[in-house]
Amino acid sequence: ALQEVPDVSVPRNVRVNTLKMDVDSALVELQKKYSVQKDDLLPDLLVLPPGTDLHDHPLVKNGSIFLQGKASSMVAPALSPEPGWEVLDACAAPGNKTVHLAALMKRKGRIIACELKKERIKRLNDTIKLSGASNIQVLNEDFLNINPKDPSYSKLKAILLDPSCSGSGTAASRLDHLLPSKAAGDIDTERLNKLAAFQRKALQHAFLFPALERIVYSTCSINQIENEDVVKSLLPIAESYGFQLAKPFPEWQCRGLPVFEGSENLVRTDPAKHGEGFFIALFVKKDANLSARS
Ligand code: SAM
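Draft legend 1. Region of the structure containing the pattern of salt bridges. Counted according to the given criterion, the structure contains 13 salt bridges. In this structure, the salt-bridge partner of E29 is K32, at a minimum N-O distance of 3.0 Å. By relative accessible area, which is 32% here, E29 ends up partly exposed. Given a relative accessible area of 63%, K32 falls into the exposed group. Of the charged contacts in the structure, one is a salt bridge between D162 and K97, with a shortest N-O distance of 2.7 Å. With D162 in the loop between strand 8 (156-161) and helix 7 (171-176) and K97 in helix 5 (residues 96-104), the pair connects residues that are 65 residues apart, well separated along the chain.

Draft legend 2. Just the nonpolar core, in detail. M74, I136 and F249 are the most contacted members of the largest nonpolar core, which has 38 residues in total. Those elements that place two or more of their residues in this core are helix 4 (75-79), helix 5, strand 6 (110-115), helix 6 (121-131), strand 8 and strand 12 (279-285). In this structure, Y153, V230, L245 and F279 belong to the second largest nonpolar core, which totals 31 residues.

Draft legend 3. Spatial organisation of the confidence of the model for the protein chain. When pLDDT is averaged across the protein chain, the result is 92; 89% of the residues are at 70 or more. Counted against residues more than four places away or in other chains, residues 1-8, with its pLDDT under 50, gives 12 contacts. Across the whole predicted complex the pTM is 0.93, and at the interface the ipTM reaches 0.99.

Definitions and cut-offs
Think of each chain on its own: its residues are numbered from 1, step by step along the sequence as written. Only residues with pLDDT of 70 or above have their local features reported here, since the model is predicted, and side-chain atom pairs are shown and tallied only from 80 upward, although totals for entire chains, interfaces and linings are computed over all residues. Computation of side-chain values covers all heavy atoms of the structure but excludes hydrogens and water. Salt bridge, as used here: a side-chain nitrogen of Lys or Arg that lies within 4 Å of a carboxyl oxygen of Asp or Glu. Under the scheme applied here, a residue whose accessible area is under 20% of the maximum for its type counts as buried, over 50% as exposed, and between as partly exposed, the area being computed with a 1.4 Å probe on protein chains only. Put simply, DSSP marks the helices as runs of H or I at least four residues long and the strands as runs of E at least two long, and each gets a number from the N terminus on. Remark: nonpolar core denotes a set of buried residues (Ala, Val, Leu, Ile, Met, Phe, Trp, Tyr, Cys) joined through side-chain atoms within 4.5 Å. The pLDDT score gives, residue by residue, the confidence of the prediction method on a 0 to 100 scale. Here, residues are in contact when the closest pair of their heavy atoms is within 4.5 Å.

Dropping the structure here:
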């Protein structure tokens with residue numbers, strides 16, 4: 001059963017970077033000072049009491065553990081790339097999910113971390129360096145400009161697409177809405193529409209890579225327009241490329257809003273219960289061997 005958490009006291013999570021330290025060693029080390037448990041869903045996640053501040057902890061400084069919430073830590077495992085695969089993180093900076101992919105792939109295979117904004121590349125490089133991963137290639141590029149027919153992507157098996165979003169599921173954003181300058185109900189519809197248009201374009205682009213078997217689309221937004229609506233609008237295209245929605249974390253109770261048939265495959269996290277409001281959709285190729293498109 002999932003842990004029920006009171007609204008105002010959400011536990012802190014740390015993700016153990018298994019490239020540098022095994023989970024049990026991290027547990028033993030942290031238990032010297034804190035009350036720590038293993039998470040009931042993610043094997044590399046530890047749960048600490050609400051309010052625990054580990055920013056200056058040596059294990060954080062040396063990259064053995066990452067301060068990463070549960071919702072954010074569910075995204076790379078939802079994609080579950082196999083060691084040895086070629087994987088693209090389409091919108092990568094600051095790189096938390098990129099290096100989580102690297103840990104899940106156990107240093108085997110190739111990860112391409114694509115990031116549009118030059119000023120965010122340094123942060124991405126710093127995260128990668130801290131993680132100790134050596135199979136990540138950083139690409140300062142617009143994902144939409146990557147040519148799926150380029151031979152260097154002919155073996156790409158999985159794409160993690162975590163595009164720019166409103167961030168309405170994050171703690172900072174939810175506090176922001178309490179500011180007097182933001183009147184109740186004053187949601188910037190134009191901004192949301194623009195974000196959703198980009199998200200749809202990016203997800204549509206992901207389906208074009210010929211050898212692809214899995215796509216994860218995720219946001220840290222709670223808005224239907226950036227989440228279920230994006231997925232719903234792409235279902236016919238997904239279908240035409242041989243993809244269908246799959247159900248990651250079947251034991252997870254909080255699913256997509258029931259706005260289309262199949263939305264129970266989607267994962268949502270509730271900001272009040274889980275610290276942040278995330279959304280995850282997993283597309284899987286129906287038959288990876290038979291459905292190769294010309
Ligand atoms: N996945 C990251 C992580 O967990 O650390 C967070 C990604 S953040 C939500 C989205 C990122 O996508 C931003 O760094 C943004 O600059 C980048 N981005 C936006 N549009 C892009 C595009 N067209 N191509 C590549 N990256 C893009």
